[in-house]
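# Overview (structure and organization)
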Amino acid sequence: EIAVIDAATGEVLLNTLVDCSPVEIEPGAVEVHGLTATDLAGAPRWSEVFPELAAATKNRVVLAYNAKFDRGRVLHDCRREGIDPAHLAEPARWQCVMARRCEALGLGLDGRLRLGGGHRALADVRATRVVLRMLADGRPDTDGFAALAIRAREEAREVAVDSRSPGRRLHR
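Here is what the cut-offs are and how they apply
- Residues numbered from 1 in each chain as written.
- Predicted model: local features only at pLDDT ≥ 70, side-chain atom pairs only at ≥ 80, totals over all residues.
- Heavy atoms only, no water.
- Helix = DSSP H or I, 4+ residues; strand = E, 2+ residues; numbered from the N terminus.
- Salt bridge = Lys/Arg side-chain N within 4 Å of Asp/Glu carboxyl O.
- Buried < 20%, exposed > 50% of the residue type's maximum accessible area, 1.4 Å probe, protein only.
- Core = buried A, V, L, I, M, F, W, Y, C linked by side-chain atoms within 4.5 Å.
- Contact = heavy atoms within 4.5 Å.
- Expected span 1.5 Å × (residues − 1).

## A closer look at unusual backbone geometry
Between serine 21 and proline 22 the backbone carries a cis peptide bond, its omega angle lying at 15 degrees. Residue position: proline 22 is located in the loop between strand S2 (12-16) and helix H1 (27-33). Positive phi values are uncommon outside glycine, yet asparagine 59 reaches one of about 60 degrees. With respect to the element layout, asparagine 59 can be found in the loop between helix H3 (46-57) and strand S3 (62-64).

## Concerning the pattern of salt bridges
Evaluated as defined, the whole model comprises 11 salt bridges. Across the pair glutamate 81 and arginine 45 runs a salt bridge, and its minimum N-O distance is 3.6 Å. Taken as a pair, glutamate 81 in helix H4 (residues 67-81) and arginine 45 in the loop between helix H2 (37-40) and H3 lie far apart in primary sequence, 36 residues in all. Note on glutamate 81: relative accessible area 27%, which makes it partly exposed. Here aspartate 141 makes a salt bridge to arginine 101, at a shortest N to O gap of 2.6 Å. Residue aspartate 141 is found in the loop between helix H6 (121-137) and helix H7 (142-158), and its partner arginine 101 is found in helix H5 (residues 97-104); the two are separated by 40 residues along the sequence. Considered together, aspartate 141 and arginine 101 belong to a single accessibility category, that of buried residues.

## Topic: the nonpolar core
Core analysis: the biggest nonpolar cluster contains 18 residues, and Ile2, Trp46, Phe50, Leu53, Val74, Leu88 and Trp94 have the highest contact counts within it. Where this core is concerned, the elements lending two or more residues are strand S1 (2-5), H3, S3 and H4.

## Regarding the side chain of asparagine 66
Here asparagine 66 lies in the loop between S3 and H4. According to the relative accessible area criterion, asparagine 66 is buried, its value standing at 19%.

## Considering the environment of serine 47
Among the secondary structure elements, serine 47 is positioned in helix H3. Accessibility expressed as a relative area gives 39% for serine 47, which makes it partly exposed. Taking C-alpha positions, serine 47 is 9.5 Å from valine 18, a pair spaced 29 residues apart along the chain. In this structure serine 47 touches Glu81 and Ile83, once residues within four positions along its chain are discounted.

## Looking at H6
Side chains of residues three or four places apart in an α-helix project in the same direction, reflecting 3.6 residues per turn. For H6, spanning 17 residues, the distance from its first C-alpha to its last is 24 Å, which sits close to the expected 24 Å at 1.5 Å a residue. Among the residues of H6, those classed as buried are Ala121, Leu122, Asp124, Ala127, Thr128, Arg129, Val131 and Met134. Considering only its buried residues, H6 is in contact with S1, S2, S3 and H5. Directly beyond the C-terminal end of H6, a positive phi value near 75 degrees is found at glycine 138.

So, in structure tokens, the structure goes:
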């Protein structure tokens, strides 16, 4: 599944499922995105979608939440189908919104923080636009701070000290 919006206006430029057969969808991906091979049957193939993606991103910087992953996915699918990725192969065309968000939250450019867009393409690009606008406006990232607090609580719960053996950590 892939979606592209105009970061300035929010206009949807591309939003489609992609039939990736005969490649099997990994169970973890089905769990995260909720899409099965049956859902993708009849959707356009990458060779049909890529020209639309290339046109939608031509003369633009691609602002992706996890740019390293998304660029890698585009390049992988282009290689698999024997397609020239054109301008999307250029690393300078891609900017990572997650890296900028993590930098603003004090996690550094290599930090990682879930987006919370629901892991469907259009919802994720819209959620990325919200984060981008918040960063551009200099507003506080209340969702980011909340996510960090939740992460800290979850990590604290994962590691417990066994009272019978002080200093020994149990991982639940």
